[in-house]
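# Understanding the architecture of this molecule
Below, each chain spelled out in residue letters.
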Amino acid sequence: MLAVVALVIALAVAFAAGYFTRDLASRKRRAEARRWREYTEPGWLHAGAPANTNEAANSNAVAKVTTGELGQMLDRWENRARARRAG
């Protein structure tokens, strides 16, 4: 019975070590690819930016860009939602 428990624990440790090694190798490979391609983080991906708001980042310069039918539809839905919230 003790041998079975030891075997299960050894398999679990080996399984976890394999995933850790795979993750480490993938992170190194991706970092190398980013360095090779001279990757720069886009401005909209900034960690300090609000995640999901209806507020514009700069309320003085609101640029309204809607492209295609889907963008127009979403813009109409958002305008209707604002109108409902405003009363």
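Residues numbered from 1 in each chain as written. Predicted model: local features only at pLDDT ≥ 70, side-chain atom pairs only at ≥ 80, totals over all residues. Heavy atoms only, no water.

### Looking at the pattern of salt bridges
Selection criterion: A carboxyl oxygen of Asp or Glu within 4 Å of a side-chain nitrogen of Lys or Arg is what we treat as a salt bridge. Helix and strand assignments follow DSSP, with helices taken as H or I runs no shorter than four residues and strands as E runs no shorter than two, numbered in order from the N terminus. Per-residue accessibility, obtained with a 1.4 Å probe over protein chains only, is compared with the maximum for each type, and a residue is labelled buried under 20%, exposed over 50%, and partly exposed between these values.
The final tally for this structure, using the stated rule, is four salt bridges. Between E32 and R35 there is a salt bridge, and its shortest N-O distance comes to 2.8 Å. Here E32 and its partner R35 are both found in helix α1 (residues 2-36), three residues apart, which amounts to about one turn of the helix. Among the residues examined, E32 registers a relative accessible area of 43% and is labelled partly exposed. With a relative accessible area of 56%, R35 lands in the exposed category. Of the charged contacts in the structure, one is a salt bridge between R85 and E78, with a shortest N-O distance of 3.5 Å. Given a relative accessible area of 55%, R85 falls into the exposed group. Each of E78, R82 and R85 takes part in a single network of salt bridges with overlapping partners.

### Section: helix α2 (residues 68-86)
Using the following cut-off: Any helix carries an expected span of 1.5 Å times its number of residues minus one.
The end-to-end C-alpha distance of α2, which contains 19 residues, comes to 27 Å, matching closely the 27 Å that a straight helix rising 1.5 Å per residue would cover. G87 occupies a position one or two residues after α2 and carries a positive phi of about 110°.

### Some points on the packing of aromatic side chains
Condition: Pairing of aromatic rings covers Phe, Tyr and Trp, the last through its six-membered ring, and needs centres within 6.5 Å; plane angles under 30 degrees mean stacked, over 60 mean edge-to-face, and all others mean tilted.
Evaluation of the coordinates by the stated rule reveals one aromatic pair. Each ring, one from F15 and one from Y19, has its centre 5.0 Å from the other, and the planes form 65°; the classification is edge-to-face. Taken together, the positions of F15 and Y19, both in helix α1 and four residues apart, correspond to about one turn of that helix. Looking at F15, the relative accessible area reads 56%, which means it is exposed.

### Focus: α1
The end-to-end C-alpha separation of α1 is 51 Å, in line with the 51 Å expected for 35 residues at 1.5 Å each. Positive phi appears at E38, one or two residues downstream of α1, with a value of about 55°.

### What about a nonpolar patch on the surface?
Counted only if it meets this: The residues that make up patches have over 30% relative accessible area and no salt bridge, and they are joined within 9 Å when like-charged or within 5 Å when they are Val, Leu, Ile, Met, Phe, Trp or Tyr. All accessible areas in this document rest on Shrake-Rupley with a 1.4 Å probe, and a residue is counted as covered only by the protein chains that are shown.
Taken together, the side chains of M1, V5, I9 and V13 present a nonpolar region at the surface, about 440 Å² in accessible area. In this fold, I9 is placed in helix α1.

So, to be careful, I would describe these as geometric facts and stop short of saying anything about function.
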